[in-house]
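Observations on the three-dimensional arrangement
Residues per chain are reported as follows:
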Amino acid sequence: MSSHKAPVARSTEPPVDMLPVEDALDRILSFCRVLPSETRAIDDAVGQVLATDITAPFDIPPHDNTAMDGYAVQSASTDDAAESNPIRLRVIGELAAGYLYDGAVGPGEAVRIMTGAPMPDGADTIVPFEETDEFGLRAPGQEHETIEDVGILKAAGPGNNIRRRGEDVRRGQQVLNAGTVLRGPEVAVLASLGVGEVEVIRRPRVAILSTGDELLSPGEAPAPGKIYDSNSYGLSALVTQYGGIPERFGIAQDTIPALTAKINEALESCDMVITSAGVSRGDFDVVKEVLAREGAIDFWTVKMKPGKPLAFGEFDAPEGRRVPHIGLPGNPVSSLLAFELFGRLAIYQMMGRQPHPRPIVRAIADEDIVNTDWRRVYARATLSQDEDGRWHARLTGPQGSGVLTSMALANGYAVCPEDRERVHAGEECDVIMVDWDHPLD
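Throughout, residues of each chain are indexed from 1 in the direction in which the sequence is written. Given that this is a predicted model, residues contribute local features only at a pLDDT of at least 70 and side-chain atom pairs are listed and counted only at 80 or more, while totals for whole chains, interfaces and linings are drawn from all residues. The basis for every side-chain value is the complete set of heavy atoms in the structure, and neither hydrogens nor water enter the calculation.

**Observations concerning the sheet that holds strand β8 (residues 149-152)**
- Two strands pair under a simple rule: DSSP has to find at least two bridges between them. We count a stretch as a helix when DSSP gives it H or I for four or more residues in a row; a strand needs E for two or more, and each element gets its number in order from the N terminus. The strand order β7-β4-β6-β5-β8 describes an open sheet built from 5 strands, whose pairing is mixed. The outermost strands of the open sheet, each flanked by one partner alone, are β7 (125-128) and β8. Shown here is a sheet whose adjacent strand axes are inclined to one another by a mean of 40°, direction ignored.
- In this sheet, strand β6 (residues 109-113) lies alongside strand β4 (residues 70-73) in antiparallel orientation, the contact comprising 4 bridges. Residue pairing across strands places G70 opposite I113, the latter belonging to β6. In this analysis an axis means a line fitted to C-alpha atoms, helices contributing only their contacting stretch, and an angle means the value between N-to-C directions, from 0 to 180 degrees.

Written out as structure tokens, the structure reads:
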């Protein structure tokens, strides 16, 4: 697309009633408090945050053990060993992992040993099978027959192929700190310590509610003037991806009693309420009015496109709780993008995770990104690198706030700042990287 288009007309002065994106995020996060802890089985706590430090109750490994299959011997018994001069040692026993050897290894003796087995008393080195003539002593089909002696083909130094007691973890060592996010490696560490349950910050239960008389649920028959509710399903999926527990409360009609009843139902059990639609200036946009009656409005417009009509505040909930509410726009792209920018980090904060923003790269815009009304534009784009390693951002097609496929195709949001009318094709711009496959990174 040419970068020499005529400028798009826009108002000469920026609007004064819209909150900058950073200020809106700060205010949302200031309302979102870390939730209490709960006890969870370690295999059910992936993605959650440790509420307490974890201290090792014993050494890991608990004994000196062998790192290889082979023979436990005294290193001095192998000093003169070579392929041309094998040193023959008497095999006095065999030891598998999980067992202790009842006896001791003396000069000229060896214990056949498997990986992970504790070192027998008297032995100070491991000779791997590959450095012995064991395989030549056994005929086919006799692999499990006992042999009386073995030839050592290479001298073994003291400590070879031995994992020392406490090499990984020492008793009393603080292994994991409170605030650690549990991933596969951390769960494995807990299991290695014999820990089956841990105290973690619980996941927020997030109520999701769509509003609008025009909405149908997927599975219902199409009807004139109706559209299917995509917002609550997309938002529910994102809540799950970001570590929360979604609870969909269906569709509320565009009336104050209907919406109030749905919200009060959600407040019985949920830690956050997410609504979509009903937050702009239309006659039937009732979310702001219900929020003002049942709680408090903090702000309701943000200087961004798409996603300007975004209401935020708190509801009064049972037991004196204050439950944050994010009122998202009704247009599907606006709803999902605003949740990505604000809802994701709100969930992280409630889970005790650090609310880190997505990584940003500088990329060359392959097409113009136009800004018509002093708002920060988030254009859905695909990021790729050229042969020189430079990032490029190509728009995913039409950028209307109802073009839902533009979100599904995007792996980044190309940004045109508030104070610019256009990012020209060929110019660099900030692009927020989105990795849908690894949403918790």
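**Looking at the layout of surface pockets**
- Both site types are read off a 1 Å grid over the protein atoms alone. A 1.4 Å probe that fits but cannot get out defines a cavity, while an open set with protein on both sides within 12 Å along at least five of seven lines defines a pocket; lining residues have an atom within 4 Å of a point. Grid points are joined across faces, edges and corners, and a volume is the space filled by probe spheres set on the points. There is about 470 Å³ of room inside the largest pocket.
- Around the largest pocket, the lining comprises 23 residues; the ones closest to its centre are E22, I360, R376, Y378 and I432.
- Mapped onto the lining of the largest pocket, the elements with two or more residues apiece are α1 (21-31), α7 (332-351), β21 (360-365), β23 (376-385) and β27 (428-433).
- The element that contributes the greatest number of residues to the lining of the largest pocket is α7, accounting for 5 residues.
- Residues are sorted three ways: Asp, Glu, Lys and Arg are charged, Ala, Val, Leu, Ile, Met, Phe, Trp, Tyr, Cys and Pro are nonpolar, and all the rest, Gly among them, are polar. For the lining of the largest pocket, the per-class residue count stands at 14 nonpolar, no polar and 9 charged.

**Describing the environment of V370**
- Within the secondary structure layout, V370 lies in strand β22 (residues 369-370).
- Burial classes follow relative accessibility: with a 1.4 Å probe on protein chains only, a residue under 20% of its type's maximum area counts as buried, one over 50% as exposed, and anything between as partly exposed. On the accessibility criterion, V370 (31% relative accessible area) is partly exposed.
- Sequence separation between V370 and V423 is 53 residues; the distance between their C-alpha atoms is 6.5 Å.

**Here's the deal with the packing of aromatic side chains**
- Under the pairing criterion, centres of Phe, Tyr and Trp rings, with the six-membered ring standing for Trp, must be within 6.5 Å; the plane angle then separates stacked pairs below 30 degrees from edge-to-face pairs above 60, leaving the rest tilted. Counting across every chain of the model gives 5 aromatic pairs.
- Here the aromatic rings of Y242 and F339 are separated by 6.4 Å at their centres, their planes lie at 15°, and the arrangement is stacked. A residue pair is termed long-range when its members are at least 10 positions apart, and Y242 in the loop between α4 (231-241) and β15 (245-252) and F339 in helix α7 qualify at 97 residues.
- Residue class for F339 comes out buried when judged on its relative accessible area of 0%.

**A few points about helix α3 (residues 184-192)**
- Within α3, burial applies to E186, V187 and L190. Seen end-on, α3 carries its buried residues on one side only, within an arc spanning 100°. Within α3, the exposed residues directed more than 90 degrees away from the buried face are G184 and P185.
- Just downstream of α3, G194 is the residue with a positive phi angle, here 80°. Picture the helix axis, draw a direction to every C-beta atom, and the arc is the one those directions span.

**Side note on the sheet that holds strand β16 (residues 272-276)**
- Strand order in the open sheet formed by 6 strands is β15-β12-β16-β20-β19-β17, with mixed pairing between adjacent strands. The outermost strands of the open sheet, each flanked by one partner alone, are β15 and β17 (295-299). Adjacent strand axes in the sheet meet at a mean angle of 20°, parallel and antiparallel pairs treated alike.
- Of the pairings in the sheet, the one linking β17 to strand β19 (residues 311-316) comprises 4 bridges and is antiparallel in character. In the sheet register, G295 faces β19, and the bridge partner there is F315.
- Helix α6 (residues 287-294) contacts β12 (205-211), β16, β17, β19 and β20 (322-328) of the sheet and is inclined by roughly 125° relative to β17. In this analysis, two residues are considered to be in contact whenever any of their non-hydrogen atoms come within 4.5 Å of each other.

**Observations concerning unusual backbone geometry**
- A cis geometry characterises the amide bond from I60 onward to P61, with omega recorded as -10°.
- Summarising the element assignment, P61 is placed in the loop between β2 (54-55) and β3 (65-66).
- In this structure, P306 follows K305 across a cis peptide bond, with omega equal to -5°.
- Summarising the element assignment, P306 is placed in the loop between β18 (304-305) and β19.
- Residue E319 is not a glycine yet carries a positive backbone phi of 65°.
- Mapped onto the secondary structure, E319 falls in the loop between β19 and β20.
- With a relative accessible area of 79%, E319 lands in the exposed category.
- A positive phi is found at W374, a non-glycine position, where the angle reads about 65°.
- Its place among the elements puts W374 in the loop between β22 and β23.

**Regarding the pattern of salt bridges**
- Salt bridge, as applied in this entry: a Lys or Arg side-chain nitrogen positioned within 4 Å of an Asp or Glu carboxyl oxygen. For the structure on display, the rule yields 29 salt bridges.
- In this structure, the salt-bridge partner of R422 is D368, at a minimum N-O distance of 2.8 Å. Here the residue R422 occupies a position in strand β26 (residues 422-423), and D368 occupies one in the loop between β21 and β22, the gap between them amounting to 54 residues. One exposure class covers both R422 and D368, and it is buried.
- Here R420 and E427 are joined by a salt bridge, their closest N and O atoms 2.8 Å apart.
- On the basis of relative accessible area, E427 is assigned to the partly exposed category, the value being 29%.

**What to know about α6**
- Along α6, the residues that are buried comprise V287, K288, V290 and L291. Along the axis of α6, the buried positions cluster into a sector of 165°, meaning they face one direction only.
- Lining the buried residues of α6 we find β12, α5 (256-267), β16, β17, β19 and β20.

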